Amino acid sequence: MREIVFDTETTGLDPQGGDRLVELGCVEMVNRVPTGATYHAYFNPERDMPAEAEAVHGLSAAFLADKPRFAQCAADFREFIGDAPLVAHNAGFDFGFINAELSAIGMEPVSRDRMVDTVAIARRKHPGAKLSLDALCTRYGIDRSHRTKHGALLDAELLAQLYVELMGGRQIGLELAAEVSVSSAGTGAVAAVAAVAQVTVAKTTRIFREPRPHAASEAELARHAEFMAGISNPLWSR
C-alpha cells in the first residue's frame, strides 16, 4: 500500500483571502515503511511574507524571490503523489491550500476522499490530550530536537513516524524485517519513484523438551503430612 505523508508552509491561514503556499514536503511510504523517496519544493508566492508567518517557518520574501512559481512545479507534484492516499496533520488546512493553488492554474483539485487526517486519528486515540505535532511526538518518544522552526519536509518526516505509531507501531515483538527496493527517475526538484516493500517474517525453530516429573514422591508426601500434623489449631480445621 503506497501512501504519501505531506506538509505545507504558507503565508497565512486563508487561501481564499490571498494567502499562498510557499513550501511543500512529501514522504513516500509503502506498507507504512518510508522508501526514502521524497518531494520537496519552495515556491515564490508573488506577494509579501507577513512577519507572523515568517516567525513560524523562517521563510522570507527575499529567500523565496528566486524560487519557482507553484504552476511550474504542479505537474511534477501531481506525478509524485499519483493516486495514493495523502496523510497530513490537520489535513483540511493543507488540502485547502493545495487545491486553491491547483484551481488557480486550472488543474483538477485533489479529491478529499484521499485525505487521511492524523489529528482526527489522534483525537480518537487520545481524547482531551494535546494534538499538536510537537505534543504527539513527545507522547510517542519521537526525537524532534533538530526542529527549531516549522519546515514542510522535516515535519512530513516527523509525521511519517507519528503516523506509524498512531496506526499501531512497528510491532517489534513479531520480528518483522523489511526490505524496500527503490528505483527512481525524475526531472527538476522531484523524483518519481516506484517502490515495492517486501516484509518477511523471521522463522524460529522451536526446541521441544521432555516434560519433567512434577508429582510429589512418597517420601515428600510423608514429610508434608508430618509437618501439617505439627501445626496446632490450624485455620483450615476450624
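Residues numbered from 1 in each chain as written. Predicted model: local features only at pLDDT ≥ 70, side-chain atom pairs only at ≥ 80, totals over all residues. Heavy atoms only, no water.

## Examining the overall build of the protein chain
Move 1: For the protein chain, the helix and strand inventory stands at eight helices and seven strands.
Move 2: The buried share of the protein chain, taken over its 238 residues, is 37%.
Move 3: Across the protein chain, every contact between residues at least 6 apart in sequence was considered, and the portion connecting residues at least 24 apart equals 62%. (Helix = DSSP H or I, 4+ residues; strand = E, 2+ residues; numbered from the N terminus. Buried < 20%, exposed > 50% of the residue type's maximum accessible area, 1.4 Å probe, protein only. Contact = heavy atoms within 4.5 Å.)

## With respect to the side chain of Glu 23
Move 1: Positionally, Glu 23 belongs in strand 2 (residues 21-30).
Move 2: Owing to a relative accessible area of 3%, Glu 23 belongs among the buried residues under this scheme.
Move 3: A distance of 2.7 Å separates a polar atom in the side chain of Glu 23 from a polar atom in the side chain of His 40.
Move 4: When near neighbours in sequence (up to four residues on either side) are disregarded, Glu 23 contacts Asp 7, Thr 8, Glu 9, His 40, Ala 41, Tyr 42, Phe 43, Leu 59, Gly 151, Ala 152 and Leu 153. (Polar contact = N/O pair within 3.5 Å; in protein donor to acceptor, adjacent residues only side chain to side chain.)

## A closer look at the layout of surface pockets
Move 1: Here the largest pocket defines a volume of roughly 510 Å³.
Move 2: Elements with a contribution of two residues or more to the lining of the largest pocket: strand 1 (2-10), helix 1 (51-57), helix 4 (91-104), helix 6 (133-139) and helix 7 (152-166).
Move 3: Residues that form the lining of the largest pocket fall into these classes: seven nonpolar, nine polar and seven charged. (1 Å grid on protein atoms, 1.4 Å probe; cavity = no way out; pocket = protein on both sides within 12 Å on 5 of 7 lines; lining within 4 Å. Points joined across faces, edges and corners; volume = space filled by probe spheres on them. Nonpolar A, V, L, I, M, F, W, Y, C, P; charged D, E, K, R; others polar.)

## Brief notes about the confidence of the model for the protein chain
Move 1: Mean pLDDT over the protein chain: 84, with 80% of residues reaching 70 or higher.
Move 2: pLDDT under 50 marks residues 172-204. Its contacts with residues more than four places away, or in other chains, come to 51 contacts. (pLDDT = per-residue confidence, 0-100.)

## A look at the packing of aromatic side chains
Move 1: For the structure shown, the criterion picks out six aromatic pairs.
Move 2: Ring centres of Tyr 39 and Phe 80 lie 6.1 Å apart, and the angle between their planes is 35 degrees; this geometry places the pair in the tilted category. Of this pair, Tyr 39 sits in strand 3 (residues 33-42) while Phe 80 sits in helix 3 (residues 70-81), and the two are 41 residues apart along the sequence. Pair check on accessibility: Tyr 39 and Phe 80 agree, each one buried.
Move 3: A ring pair is formed by Tyr 42 and Phe 63, whose centres lie 5.1 Å apart and whose planes are at 90 degrees; its orientation type is edge-to-face. Linking Tyr 42 in strand 3 with Phe 63 in helix 2 (residues 61-64), this pair joins segments that are 21 residues apart in sequence.
Move 4: Owing to a relative accessible area of 25%, Tyr 42 belongs among the partly exposed residues under this scheme.
Move 5: Under the relative-accessibility criterion, Phe 63 is labelled partly exposed at 34%.
Move 6: Here the aromatic residues Tyr 39, Phe 77 and Phe 80 are joined through ring pairs into a cluster of three or more. (Phe/Tyr/Trp six-rings, centres within 6.5 Å; stacked < 30°, edge-to-face > 60°.)

## Some points on unusual backbone geometry
Peptide bonds are, in most cases, trans, and in most cases residues other than glycine have a negative phi.
Move 1: Positive phi values are uncommon outside glycine, yet Asn 31 reaches one of about 55 degrees.
Move 2: Turning to its location among the elements, Asn 31 is positioned in the loop between strand 2 and strand 3.

## Topic: the environment of Met 1
Move 1: Considering the arrangement of structural elements, one finds Met 1 in the segment before strand 1.
Move 2: Sequence separation between Met 1 and Met 29 is 28 residues, and the spatial gap between their C-alpha atoms is 8.0 Å.
Move 3: If near-sequence neighbours (up to four positions away) are discounted, Met 1 is found in contact with Met 29, Val 30, Asn 31 and Arg 32.

## What about helix 5 (residues 118-125)?
Move 1: Along helix 5, the positions that sit buried rather than exposed are Thr 118, Val 119, Ile 121 and Ala 122. Angular distribution of buried residues about the axis of helix 5 spans 160 degrees; they occupy a single face of the element.
Move 2: Close packing links the buried residues of helix 5 with strand 4 (86-88), strand 5 (115-117), helix 6 and helix 7.
Move 3: Among the residues of helix 5, the N-terminal cap falls to Asp 117, whose side-chain oxygen and the backbone nitrogen of Val 119 are separated by 3.0 Å. (Arc of directions from axis to C-beta.)

## Focus: the nonpolar core
Move 1: Residues Phe 6, Leu 24, Cys 26, Tyr 39 and Phe 43 are the most contacted members of the largest nonpolar core, which totals 24 residues.
Move 2: Of the residues forming this core, the biggest block, six residues, is contributed by helix 3.
Move 3: Counting 22 residues, the second-largest nonpolar core is a separate cluster that includes Met 29, Ile 142, Leu 153 and Val 164. (Core = buried A, V, L, I, M, F, W, Y, C linked by side-chain atoms within 4.5 Å.)

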